[in-house]
Every structure is written in C-alpha cells, then in structure tokens.
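# Per-entry structural report
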Amino acid sequence: MRDVLVVGAGPAGAACAYWLADAGWDVVVVEKKQFPREKTCGDGLTPRSVRQLTDMGLAGALAGAHRYRGLRSCAYGMTIEMPWPRHPSFPDVGYVITRHDLDQLVAERAAKAGAELLQGTEAAEPLLADEPGDGPGQLPACTGALVVDRGTRRTRKIEARYVVVADGANSRFGRALGTRRDRDYPLGMALRGYFRSPRHDDEFIESHLDIRDASGSVVPGYGWVFPLGDGRVNAGVGLLSTDGRHKGVNTSHLMNAFVDFAPKSWGLSLASSCGPPTGGKLPMGLSVAPRVGPTTLAIGDASGAINPFNGEGIAYGYETGRLAAACLGRALSGQGSAALGDYERQVQDAYGLYYQVARDFVRMISHPKVMEVCVRTGMHSEGIMGTLLKIMGNLLRPDERGAAEIAYRALATAATVVPSW
Ligand SMILES: Cc1cc2nc3c(=O)[nH]c(=O)nc-3n(C[C@H](O)[C@H](O)[C@H](O)COP(=O)(O)OP(=O)(O)OC[C@H]3O[C@@H](n4cnc5c(N)ncnc54)[C@H](O)[C@@H]3O)c2cc1C
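Residues numbered from 1 in each chain as written. Predicted model: local features only at pLDDT ≥ 70, side-chain atom pairs only at ≥ 80, totals over all residues.

### Brief notes about helix H6 (residues 314-335)
Note: α-helices contain 3.6 residues per turn, so residues at a spacing of three or four share the same orientation. Look at H6: 30 Å from first C-alpha to last across 22 residues, which is about the 32 Å you get at 1.5 Å a residue. Following H6 by one or two positions, glycine 336 has its phi on the positive side, about 65 degrees. (Helix = DSSP H or I, 4+ residues; strand = E, 2+ residues; numbered from the N terminus. Expected span 1.5 Å × (residues − 1).)

Here's what the structure looks like:
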C-alpha cells in the first residue's frame, strides 16, 4: 500500500508528486505517455509559473528557455507593450518553453526528489472501497487504480491510501470517479501551431484582441504569438464559449484567419508552418467538481483550474498540486481524510473570488459588441491595460486587492454607457 497514487504527470501531477516526495512520503505517479512527449499548449510561462518552478529548484533548468519581459497587446491598429509588473512574491520575467521539454524537466525533478515515476502506464479505472469513506465530498472512496503498462499491455493494481486526479482537461479517470464539469461555466477552446519566424527571439509575447469569425465579427478570445527563441514561434487562437454561444465557430478557420491577419513581420504562413495545428479544451474557473472525496483530490485541469481571464493553466496546475500535497501531508500525518476538506477551503481562498469575477467578465465579453467596447476602451489607456495585465495575470499585490472588482465594474460600466464606436 503506497501513501499516494498520482494519476498523470503533467504540471499538476508532477508538482504534487514533487512536493509529496520532498516531504518524505511514498508517492507513485503514473503517466500514460513516455517523456519527452508533446502536449498542445501555447508554451507560455507567466511569473506565477516561474515562481513555482523556482521553488521546485528548477530556476537553473529554465536558463536554456526563451526569457521574455512582458506582453504586447494589439487591437484595432493600436499596440501597447507592458512589462511584467513588480510584485513581492513573483519575478518580473516569463519564459516560453515547449511542453515537450518543460514537462519532462518537472517529472524528472519529482523522480529525483524520490517519487516513483511510471511512464507508459495508464490508470485504466479507479479501485473503489467496498465501504464508502467517512470524509468530505460525494465521490466514492478510492483505494488506488487498475493500471495498464502500454508496452506489454499487462494490468496490475496499485493500491494507495490517497489518490490524486491529475489527468488533464478530459479527465477520464476523474469522470469514472464522479467528477463533472459544470456546463454553465465558460469553456475555452484553443488551437496552436509552430512556425519558423525571423522574430523568434522577440522580448515580448504578443496577443491580438480583435480576432474575427468568418462574418467579420470580433469574437471573445485572442490570437497569440509566443517566441520560443529557437527559430520558431508558437502561434494560436483561443475562443471562449459561454451559455453555448460561439460553439459554432470553427477554430481551424479562426486559426487560418489569424495566420493571415497577424503582422507580416512574424512571418506566419503555410510555408513557415512546422506542421498542422493541434487543439484542446480549457476547463476554467474551477468548473469541475467535486474536487474532494474521502480519499481523493482533483487538481489542475482535472479540477477546471484554468484562469478564465487569460487561459493560463500551467501555474494553476503547479499551485493546486502543491496545495494538494500539503493537505495530503497532514492527512497522512494523522489528521486523516478530514484534512482533505482543507484543500477545497484553500482553493476557494486562493481563487474563489478572483475566478468569480473572471467568470462574470468572460460572460460579459462574450457579447461581441461589449467585447469590442471593452477592448477599444482599454487600448486607449496604458493605465487601464497595465491594471488589466496585473488582473489577468493574477499578479495584483495584496494592497491592490479589490482592484479586480473595481476594474471589472469600470469595464462593465464603460460597456453600457458607450453603446458603439
Ligand atoms: C491550445 C492550448 C494552449 C494553451 N496555452 C497555455 C499557455 O500558454 N500557458 C499556460 O499556462 N497554459 C496554457 N494552456 C493550458 C495548459 O496547457 C493546461 O492548463 C495544463 O497543461 C494543465 O496541466 P495538468 O497537469 O492539469 O494537465 P495536463 O498537462 O493535460 O497533464 C495531464 C497528464 O496526465 C496524463 N494522463 C491522462 N490520463 C491518464 C491516465 N488515465 N493515466 C495516466 N496518465 C494520464 C496525460 O498524458 C498528461 O501528461 C493551454 C491549453 C491549450 C489547449
């Protein structure tokens, strides 16, 4: 019987395994793929991710990655460059690094700290206790997983006192346990591709806030170009769907339109493309629940932890993985499954209000006209955009608390009092 079984070794699972192993617990993490492996992503690390990687002892490993200073926002012919703000808890730099390289680094770090990393091993189904557990949540008590070695096809049981669900956006293991995504919450859909680019070492990542659908209407979402520093850029489009709206928008068409529309200096074209784009879903705003069962915790995308403001999920994978590891440590130290309930409280403390504002904001900008008014309002003021960067990157200082709500209300007011441009 192991202390903890972690299902999935992406950012969330690998970070959770690292912090558990670092604290001396017996942790096994199963990953269905072999590292290094591709993972569809924009590959952008914000200061929040850099902080977590630094805390895991990986600052040196980032030295080979492309370091950038901030965000360049473009819309309606206007451009604003915003360096990352100064913050007492976060560095003022970000990196762009492929998930092919990044996820291997973190998984190996967890293994070096003492976690057993089983690659090419899929958790096929949860093992359920005969008796329901006496802890919090409505999930059944889980005692481990039936795992399949994808090479030999051999199956075996891994039993553990606690199980962490870190299997990403589709979370089949989580669904088998009983987690569900609330369809009333916004959902992101994004597509990305790699392109050879003369501006591969640009000092800023770039976002375009006025991407359009086939009818020429601005859609809620953004196009991005993130320089990788290795001759390539990662370019893509993300779309937010709320209340079923924008479900019909074809992201492949949106991507093609963005490749045509992006500034020619990036050199995006069919000829510079390194391969067909790939896409994925972004469960956001804590849309997946329950996150706590008598013996289980869900983290990262499997808990819908992506930030609705900007589609960032790597940092929230690392952070929820770390929070989960701390709660499991207390559970294993004698507090039992009651300590798992702390995880939900800490997640709510850390993100509850912020994500509520973010969800409202997303709902508001899903009206094309409102989106346009907000973007035009913001782009006229470096002050507003600077504040927005802090809000959207979740980089407000403690003394700036409440500013998210103030800015949201200001934008909401702007959207109602300025009917059209
Ligand atoms: C197009 C796109 C662009 C994005 N761009 C950014 C960005 O620039 N910056 C950012 O911060 N976020 C970005 N995101 C979000 C980010 O990719 C996710 O939030 C992040 O990967 C979540 O980490 P995770 O560990 O929860 O899940 P994942 O990264 O999905 O990891 C889950 C892991 O579990 C494994 N697994 C799944 N099922 C099983 C199983 N049954 N048994 C064993 N292993 C299993 C998978 O192979 C995978 O390795 C983007 C997402 C998309 C789709």
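### Quick notes on the environment of glycine 378
Inspection of the secondary structure puts glycine 378 in helix H8 (residues 368-379). When the C-alpha atoms of glycine 378 and valine 237 are compared, they prove to be 20 Å apart, with 141 residues separating the residues in sequence. Once residues within four sequence positions are removed from consideration, glycine 378 is found in contact with Ile384, Met385 and Leu388. (Contact = placed C-beta atoms within 7 Å.)

### Some words on the sheet that holds strand S3 (residues 44-45)
Ordered by their spatial adjacency, 3 strands build an open sheet running S3-S7-S4, and the pairing between neighbours is antiparallel. Both outer strands of the open sheet, S3 and strand S4 (66-68), are each paired with one neighbouring strand and no more. Bridge count between S4 and strand S7 (residues 94-96): 3 bridges; the pairing is antiparallel. Residue arginine 67 lies in a different strand from S7, and its bridge partner there is tyrosine 95. (Pairing = 2+ DSSP bridges.)

### A few points about the site of the ligand
Taken together, 41 residues form the shell around the ligand, and within it Gly10, Gly42, Gly168, Gly300 and Gly313 come nearest. Listing elements by their share of the shell around the ligand, those giving two or more residues are helix H1 (11-22), strand S2 (27-31), strand S9 (121-128), helix H4 (172-177), strand S13 (187-196), strand S17 (278-283) and H6. Across the shell around the ligand, the residue classes break down as 16 nonpolar, 14 polar and 11 charged. Two domains share the shell around the ligand, each providing at least three of its residues, namely domain 1 (2-40 + 100-182 + 284-354) and domain 2 (187-283). (Near = placed C-beta within 6 Å. Nonpolar A, V, L, I, M, F, W, Y, C, P; charged D, E, K, R; others polar. Domains from an automatic or database assignment.)

### Quick look at the domain arrangement of the protein chain
Here the domain parsing of the protein chain yields domain 1 (2-40 + 100-182 + 284-354), domain 2 (187-283) and domain 3 (367-417). Of the residues lining the interface, 6 residues belong to domain 2; the matching set on domain 3 comes to 4 residues. Here the side of domain 2 that touches domain 3 is built from residues that sort into 4 nonpolar, 1 polar and 1 charged.

### A word on the sheet that holds strand S16 (residues 232-241)
Reading across the sheet, the 7 strands line up as S6-S5-S14-S15-S16-S13-S17 and stay open at both edges, with mixed pairing between neighbours. Because the sheet does not close on itself, it has two edges, and the strands there are strand S6 (78-83) and S17. Across the sheet, the mean angle separating the axes of adjacent strands is 20 degrees when strand polarity is ignored. The sheet contact formed by strand S14 (residues 204-208) and strand S15 (residues 221-227) spans 3 bridges and is antiparallel. Looking at S15, one finds that glutamate 206 is bridged to valine 225. Along the sheet, helix H9 (residues 382-392) makes contact with strand S5 (70-75) and S6, crossing S6 at roughly 50 degrees. (Axes fitted to C-alpha atoms, helices over the stretch in contact; angles between N-to-C directions.)

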